[in-house]
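# Architecture at a glance
Read off the chains here:
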Amino acid sequence: MPILNNRTSLFVIGGLILLAIIGIISSFSTNPARFIQGIAVTVLVCCVIYFVVRKFSVSSPQKKEQRAFLRAARKSKKRLMQKSGESNTKNSALGTLSPLKRGNKIRRKTSAHLTVIEGKKGKNKKNRASF
């Protein structure tokens, strides 16, 4: 800091800090209840100002991401509720057979896009499991 390079400014700043400490100590020693009350009021006013500024400040990217996440969660929940609603109506028609049906669910196979690579299929490989 260029302001601290000068010796006179260092003494002035040091003197101000010393006077502030002396004022705080004398204020606390003369009337401690009022000193604590003053600090509590100052902290309360600072908190109110902080929350008001935070409430009306420009929305940050984190808030936008949080809103997008909540929107996606609601959509996913709706979709899940619609799917479970359809399956509940099907199972309720079957009555007591619904627990038996759960064990034999048909899984949908996803189409795996794989290609066959021709190689040396006749080559003998060592059995690495036995030593």
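Below, the structure is looked at part by part. As the structure is a computational prediction, the values presented were derived from the model and not from experiment. (Residues numbered from 1 in each chain as written. Predicted model: local features only at pLDDT ≥ 70, side-chain atom pairs only at ≥ 80, totals over all residues. Heavy atoms only, no water.)

## Quick look at the overall build of the protein chain
Along the backbone of the protein chain there are 4 helices and 0 strands. In sequence order, the secondary structure elements of the protein chain are arranged as α-α-α-α. Taking all 131 residues of the protein chain together, the buried fraction comes to 2%. Summed over all atoms, the accessible surface of the protein chain reaches about 13,600 Å², with 64% contributed by carbon and sulfur. (Helix = DSSP H or I, 4+ residues; strand = E, 2+ residues; numbered from the N terminus. Buried < 20%, exposed > 50% of the residue type's maximum accessible area, 1.4 Å probe, protein only. Areas by Shrake-Rupley, 256 points an atom, 1.4 Å probe, with all protein chains shown as cover.)

## A closer look at the packing of aromatic side chains
What the rule picks out here adds up to 2 aromatic pairs. On the basis of an interplanar angle of 75° and a centroid distance of 5.4 Å, the ring pair of Phe 28 and Phe 35 is categorised as edge-to-face. With centroids separated by 5.3 Å and ring planes inclined at 70°, the aromatic side chains of Tyr 50 and Phe 51 adopt a geometry described as edge-to-face. The class of Tyr 50 is partly exposed, set by a relative accessible area of 48%. (Phe/Tyr/Trp six-rings, centres within 6.5 Å; stacked < 30°, edge-to-face > 60°.)

## Some points on a nonpolar patch on the surface
Taken together, the side chains of Val 12, Leu 16, Leu 18, Leu 19 and Ile 22 present a nonpolar region at the surface, about 520 Å² in accessible area. With respect to the helices and strands, the residue Leu 19 is situated in helix α1 (residues 7-30). (Patch = residues over 30% accessible without salt bridge, like charges linked within 9 Å, V, L, I, M, F, W, Y side chains within 5 Å. Salt bridge = Lys/Arg side-chain N within 4 Å of Asp/Glu carboxyl O.)

## With respect to a positive patch on the surface
On the surface, a cluster of positive charge is made up of Arg 54, Lys 55, Lys 63, Lys 64, Arg 67, Arg 71, Arg 74, Lys 75, Lys 78, Arg 79 and Lys 83. If you list the elements that add at least two residues to the positive patch, you get α2 (32-56) and α3 (61-94). Looking at the positive patch element by element, the count peaks at 9 residues for α3. Note that Lys 63 resides in helix α3. Accessibility expressed as a relative area gives 36% for Lys 63, which makes it partly exposed. (Lys, Arg positive; Asp, Glu negative; His and termini not counted. Charge placed at Lys NZ, Arg CZ, Asp CG, Glu CD.)

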